[in-house]
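# Residue-level structure breakdown
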Amino acid sequence: MKRRVLLLGLGNILRRDEGVGVILLEELKKEESLRRYKVEFIDGGTASHEALYEVQPVDFLIIIDALKDKGSPGSLHIIKPEDLFSEQMVDLHQINLLQALKWMRMEGRLPEVLIFGIEVKNVSWGEGLSSEIGQKLPVIKERIVQEIENVLSKRGEFAALK
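Residues numbered from 1 in each chain as written. Predicted model: local features only at pLDDT ≥ 70, side-chain atom pairs only at ≥ 80, totals over all residues. Heavy atoms only, no water.

### Section: the packing of helix α1 (residues 20–28) against helix α5 (residues 131–153)
Look at α1 against α5: their axes get within 11 Å of each other, and the N-to-C directions meet at 60°. It follows that α1 is oblique to α5 by the angle criterion. For the pair α1 and α5, the crossing hand works out as right-handed. Of the residues in α5, those in contact with V20, I23, L24, E27 and L28 of α1 are I133, L137, I140, K141, I144 and V145. (Axes fitted to C-alpha atoms, helices over the stretch in contact; angles between N-to-C directions. Helix = DSSP H or I, 4+ residues; strand = E, 2+ residues; numbered from the N terminus. Parallel < 35°, antiparallel > 145°, perpendicular 65-115°, else oblique. Left-handed = near helix turned anticlockwise from the far one by under 90°. Contact = heavy atoms within 4.5 Å.)

### Overview of the nonpolar core
Counting 28 residues, the largest nonpolar core has L7, V20 and I144 as the members making the most contacts within it. When residues of this core are traced back to their parent elements, those giving at least two are β1 (5–10), α1, β3 (60–68), β6 (112–119) and α5. Counting residues per element, this core draws most heavily on α5, at eight residues. Ignoring sequence-local partners within four residues, the contact set of I144 consists of L24, L28, I64, L76, F116 and I118. (Core = buried A, V, L, I, M, F, W, Y, C linked by side-chain atoms within 4.5 Å. Buried < 20%, exposed > 50% of the residue type's maximum accessible area, 1.4 Å probe, protein only.)

### Regarding the environment of V120
Here V120 is to be found in the loop between β6 and α5. Look at V120 and you get buried, because its relative accessible area is 3%. Separated by 12 residues in the primary sequence, V120 and E132 place their C-alpha atoms 8.8 Å from one another.

### Describing the confidence of the model for the protein chain
The share of residues in the protein chain with pLDDT of 70 or more is 85%, and the mean pLDDT across the chain is 85. Within the protein chain, the lowest mean pLDDT, 47, falls on strand β5 (residues 90–91), and the highest, 97, falls on α1. (pLDDT = per-residue confidence, 0-100.)

### A short note on the pattern of salt bridges
Under the defined criterion, the tally for this structure stands at nine salt bridges. As a salt-bridge pair, K141 and E27 come within 4.0 Å of each other at their nearest N and O atoms. Here E27 lies in helix α1 and K141 lies in helix α5, a separation of 114 residues in the sequence. E132 is the partner of K121 in a salt bridge, and the nearest nitrogen-oxygen pair spans 2.5 Å. (Salt bridge = Lys/Arg side-chain N within 4 Å of Asp/Glu carboxyl O.)

Structural data, given as structure tokens:
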């Protein structure tokens, strides 16, 4: 039986780079390879915990969000849920996302999770990505697509439709 794969984009598009997860989600919807895997797409905005509760049940959850760490703008981090417990990485929605993932785990509903955090530069009020993030967006998108395809292609239950 085909398992449910969900891609959740998080972010606030009114806070510049903070909206990168939502912007990437819209770009990823156009990817033929992801449609072959029947990936579902949800714009979670800034309501990560509400979005996670709405999408249950899901077998594989992919989250894309802005990240504020010590890396250079546009750096892509691949994060496991347990990494969110570390104080070293500060996702801009970490508290809500962390609470939601903890709650799902406590209820025995935590699916396999893959989180992509994009290092951001400018989270001030305003629309549009900073030039640093905007210029790197195609490369970030391609890397995310490759990672998702790599993970899903190795699991028979997520096999692409021919």
